Amino acid sequence: MSAFTTPAKLEIVDSYLWRVISPFEYHIGEIGSGQVITVPVGVITDLASVPRLLWTIFPPLGKYSKAAILHDYLYDQAIGTKEWADKIFLEAMEVLGVPKWRRILMYWAVRLFGRGRY
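Just so it is clear, the model here is predicted, and its values are computed rather than measured.

A. A look at the sheet that holds strand 6 (residues 44-45). Here we have 3 strands laid out as an open sheet, ordered 2-3-6, and antiparallel in their pairing. Each of the sheet's edge strands pairs with one partner strand only, and the pair in question is strand 2 (9-14) and strand 6. Two elements, strand 3 (residues 17-22) and strand 6, share 2 bridges in a ladder whose sense is antiparallel. Residue pairing in the sheet places Trp18 in a bridge with Thr45 of strand 6.

B. Broad picture of the pairing of strand 5 (residues 36-39). Here strand 5 shows a buried face lined by Ile37 and Val39 and an unburied face lined by Val36 and Thr38. Pairing between strand 4 (residues 24-27) and strand 5: 4 bridges, direction antiparallel. Pairing of Glu25 across the sheet is with Thr38, part of strand 5.

C. Geometry of the pattern of salt bridges. Under the defined criterion, the tally for this structure stands at 4 salt bridges. For Glu11, the salt bridge goes to Arg19, with nearest N and O atoms at 2.6 Å. Linking Glu83 and Lys87 is a salt bridge whose minimum nitrogen-to-oxygen distance equals 3.2 Å. Here Glu83 pairs with Lys87, and both are found in helix 2 (residues 82-95), just 4 residues apart, close to one helical turn. You can call Lys87 partly exposed: its relative accessible area is 43%.

D. Structural context of the layout of surface pockets. Estimated volume of the largest pocket: approximately 490 Å³. Around the largest pocket sit 23 residues that line it, and Ala48, Ser49, Val50, Ala109 and Val110 are the ones nearest its centre. Listing elements by their share of the lining of the largest pocket, those giving two or more residues are strand 6, helix 1 (65-77) and helix 3 (100-113).

E. The arrangement of unusual backbone geometry in detail. Phi is positive for Tyr16, close to 65 degrees, though the residue is something other than glycine. When you line up the elements, Tyr16 lands in the loop between strand 2 and strand 3. One non-glycine residue, Leu47, adopts positive backbone phi at about 65 degrees. Considering the arrangement of structural elements, one finds Leu47 in the loop between strand 6 and helix 1. The class for Leu47 is buried, based on a relative accessible area of 2%.

The rules behind these values
- Residues numbered from 1 in each chain as written.
- Predicted model: local features only at pLDDT ≥ 70, side-chain atom pairs only at ≥ 80, totals over all residues.
- Heavy atoms only, no water.
- Pairing = 2+ DSSP bridges.
- Helix = DSSP H or I, 4+ residues; strand = E, 2+ residues; numbered from the N terminus.
- Buried < 20%, exposed > 50% of the residue type's maximum accessible area, 1.4 Å probe, protein only.
- Salt bridge = Lys/Arg side-chain N within 4 Å of Asp/Glu carboxyl O.
- 1 Å grid on protein atoms, 1.4 Å probe; cavity = no way out; pocket = protein on both sides within 12 Å on 5 of 7 lines; lining within 4 Å.
- Points joined across faces, edges and corners; volume = space filled by probe spheres on them.

Written out as structure tokens, the structure is:
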């Protein structure tokens, strides 16, 4: 099963913006499969990119934060395809134990409204 194997360490940059200060990894599939995404130092994230109106239901910071940072990195660097990045986001939220209803809604939000360099 896929897994995050290192913690996400962040520092605040500005209101609602954070910078990754220590690289962290997400292993796709079994650990040792060789499929690893490393989020490097310096990545800037707003965590979950949710309109302020919806923050009471989907706050920027939550159980899904590491998945959101990973997703921001994939989008910013245009790694893979948009569809693949969105699927990794969905899978990573499941790994983190995000309730199914929340991860499905967040997945469809990025599928429909997510913007990256694709």
